[in-house]
Amino acid sequence: MPRKGMRNLFFSPKTSSSSISHYPSPSRIGLSTPGRSFSDSVMERAVENAESIIMKWNPDTSTFAKVTSLFYENRREARDFIKCVNDLQKAMHLVVTEDSSSEQLVRSQNLMQIAMKRLQKEFYQILSMNRAQLDPESVSARSSRASTRSSTSDYEDDDGPEDEIRIADDSISEVEHASTIVMADLRLIAECMISSGYGKECVKIYNIIRKSIVDEGIYRLGVERMSSSQIHKMDWDVLEIKIKSWLNAVKIAVKTLFNGERILCDHVFAASDSIRESCFTEISKEGATLLFGFPEIVAKSSKKSPEKVFRTLDMYTAISEHWPEIESIFAFESTSAVRSQALTSLIKLGESVRTLLTEFESSIQKDTSKSPVAGGGVHPLMLHVMTCLSLLADYSNVLADILVDSPPPSKSSLPEYYFDTSDSDESPAPSISLRFAWLILVLLCKLDGKVKHYKDACLSYLFLANNLQHVLSRVRTSNLKYLLGDEWISKHEVKVKQFAANYERLGWDHVIKSLPEDPTAVISPEEVKERFKRFNAAFEQACRKQSLCVVPDSKLRDEIKPSIARKIVPVYREFYNTHRRTLGRERNFAILVRFTPDDIGNYLSDLFFGTVDSGGSSLPSHSRPSRSD
């Protein structure tokens, strides 16, 4: 008997000798004729059953079969086709084990080749014509709703062709519904071809079509192959757009594209672990390696500058958050290169973040601005650094992971009050908390050095109060409060109050001292005149000097103004009420008594907005006192 072209049809574990039990006994099929073996009878019956349906769908002999899809035209007949092919394959297995010289093997092999050609055509058509139903998103959604059931058992049942619809809930979408049916068809064909020795042809078709879909998906997500030199020459604005695109791409690629392909591959080739591994590797490895390789190139090749730390952290976070899924989807040994690439990018991004943080600290220390901020306001360096630190605090968990092996700042260089009291040998402050406290300390030390640019001592204290208050404000309204702790905040609030008190003392004490210690004491009219003149001059000078001062923080502003008012207004009110009548007959009364107590409060309430005009020699009164007041 000719053996040329004969395939090894019997490697599938599903086609063991136990398959014989599926066939009726000789007595039931009337095979008692002398000279005819049981295997010959089984083969003859299988050939007769298979020949009619296989030849009907032979595209070489039937125009109808050439232009019509078996699975699309009649799924019940498709099920019968597969069953006949499986029966034929089992019969061939039986014959070859009992009588390898049987002439029926040649006829069976010819029929099998025709059937496999038909199934190849069907497999290709289903894959190519059902892209919407096999879209990774549809497959992922279908997988989350429906349990995987053996397609062979579906088709071996004697129920109707719509049985597989029952796999999913009634509530699934039409696309997911269709996806369930298409996946069952593909699995049925794949298992039949593999068990018949035609797995190579099946896999080739599958890989070509599905790899093109994965590659197209990666392209549509904006992921492109880039060299280190391209990244290095790229403007940051352009590179940032590409990073944003990658961040969106990695989320979709991991959760939908690769996850869907893995689910589809596992389902279609459930009969063979080695085939589903090789198929998924062939389909996904190139695209996944390209996707996860981008961050490494950026980390190694982009120009380093502190503002890039946030996008670098975003990429690190994206890989870190998706790492469990990456490990699961690419768990095969043959996809270890994908896992390795993702891990390498994670490591390089971490190294880049550490470098950028070092450069960020260095940029604070190297700030050379010498111009004092008008009105003792918040320094631009403070605004920039605290904005960055507030944003960095949102990445505290990621930074803790990145900095876990980095040595903390030297304790000897950090004043104790910069840390929470929990920082002890028994309960040390977390490394990430120390890192943020250190950066704020570096910033405050730098701002302390800029005080020398103020010629007015009271303004320098207001500058310190404003800037430290800005630190506290940003800490309270960001995740920094959890990193630094309540006691850190409380201790720095005390420092703000100390700076504000020094400002009040230097800026307003001379006004307070212009009034007598006992405002109700009996003094001569001349001394009353002198005291009013002295107070007018001191208050005008103070208001004129402080009129351009600013306190941007409303909370601090509402603490300083009442504090000054409490020191001046009550004393002046007592002095005013006690002695104004003494000067009631003076012709220049309005010049001697320029302010009522309410005027004082009104002028103080206008301070610290930096908008009061101080160009004149005197202040306009809110209301002039009269002799009869």
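Residue numbers here run from 1 along each chain, matching the order of that chain's written sequence. Totals for whole chains, interfaces and linings use every residue, but because this is a predicted model, local features are given only for residues with pLDDT of at least 70 and side-chain atom pairs only at 80 or more, for both listing and counting. Hydrogens and water are ignored here; the side-chain numbers use all heavy atoms of the structure.

Colleague: Is there a simple way to explain the overall build of the protein in this structure?
Modeller: A run of DSSP states H or I qualifies as a helix once it reaches four residues; a run of E qualifies as a strand once it reaches two. Both are numbered from the N-terminal end. When its secondary structure is counted, the protein shows 25 helices and 0 strands. Exposed residues in this analysis have more than 50% of their type's maximum accessible area, buried residues have under 20%, and partly exposed residues fall in between, with area computed by a 1.4 Å probe over protein chains only. Burial analysis of the protein (629 residues in total) assigns 51% to the buried set. Here a residue-residue contact requires only that any non-hydrogen atoms of the pair lie within 4.5 Å. Pairs at least 24 apart in sequence give 81% of the contacts found in the protein among residues at least 6 apart. Only the protein chains shown count as covering a residue, and every accessible area follows the Shrake-Rupley method with a 1.4 Å probe. Element-wise, carbon and sulfur atoms account for 51% of the exposed surface of the protein, whose accessible area totals about 29900 Å².

Colleague: Explain the layout of surface pockets to me, please; I cannot follow it from the model alone.
Modeller: A water-sized probe rolled over the atoms picks out the places where empty space is left. Empty space within the second largest pocket amounts to approximately 340 Å³. Lining the second largest pocket are 14 residues, with Phe71, Tyr72, Ile126, Asn130 and Val182 sitting closest to its centre. Those elements that provide at least two residues to the lining of the second largest pocket are helix 4 (70-73), helix 6 (104-129) and helix 9 (174-195). Only protein atoms enter the calculation, which uses a 1 Å grid: trapped sets of points that fit a 1.4 Å probe without letting it out are cavities, open sets showing protein on both sides within 12 Å along at least five of seven lines are pockets, and any residue with an atom within 4 Å of a point is a lining residue. Grid points are joined across faces, edges and corners, and a volume is the space filled by probe spheres set on the points.

Colleague: Is there a simple way to explain the environment of Ser563 in this structure?
Modeller: Mapped onto the elements, Ser563 comes out in helix 23 (residues 554-579). Pairs of N or O atoms within 3.5 Å make up the polar contacts considered here, provided that, within protein, one atom can donate a hydrogen while the other can accept it, and that residues adjacent in sequence are counted only when both atoms are side-chain atoms. A distance of 2.8 Å separates the side chain of Ser563 from the side chain of Glu504, its partner in a polar contact.

Colleague: How should I be thinking about unusual backbone geometry in this particular structure?
Modeller: What is expected of a backbone is that most residues other than glycine have negative phi and most peptide bonds are trans. Backbone geometry at Phe608 places phi at a positive 75 degrees, although glycine is not the residue there. Looking at the element boundaries, Phe608 is found in the segment after helix 25 (597-605).

Colleague: Can you help me understand the confidence of the model for the protein in this one?
Modeller: Low pLDDT means the predicted atomic positions in that stretch should not be read closely. When pLDDT is averaged along the protein, the result is 81, and 80% of the positions lie at 70 or above. Confidence of the predictor in every single residue is expressed as pLDDT, which spans 0 to 100. Confidence over residues 418-427 falls short of pLDDT 50; this stretch has 24 contacts with residues more than four positions distant or in other chains.

Colleague: Sorry if this is basic, but what is going on with empty space enclosed by the protein here?
Modeller: Within the structure shown, the criterion is met by 6 cavities of 30 Å³ or more. In this structure, the largest cavity occupies an estimated 60 Å³ of space. In terms of lining residues, the largest cavity is bounded by 13 residues, among which Trp236, Val298, Ser302, Lys308 and Thr312 are the most central. Only helix 12 (236-268), helix 14 (309-329) and helix 15 (336-365) provide two or more residues apiece to the lining of the largest cavity. It is helix 14 that contributes the most residues to the lining of the largest cavity, 3 residues altogether.

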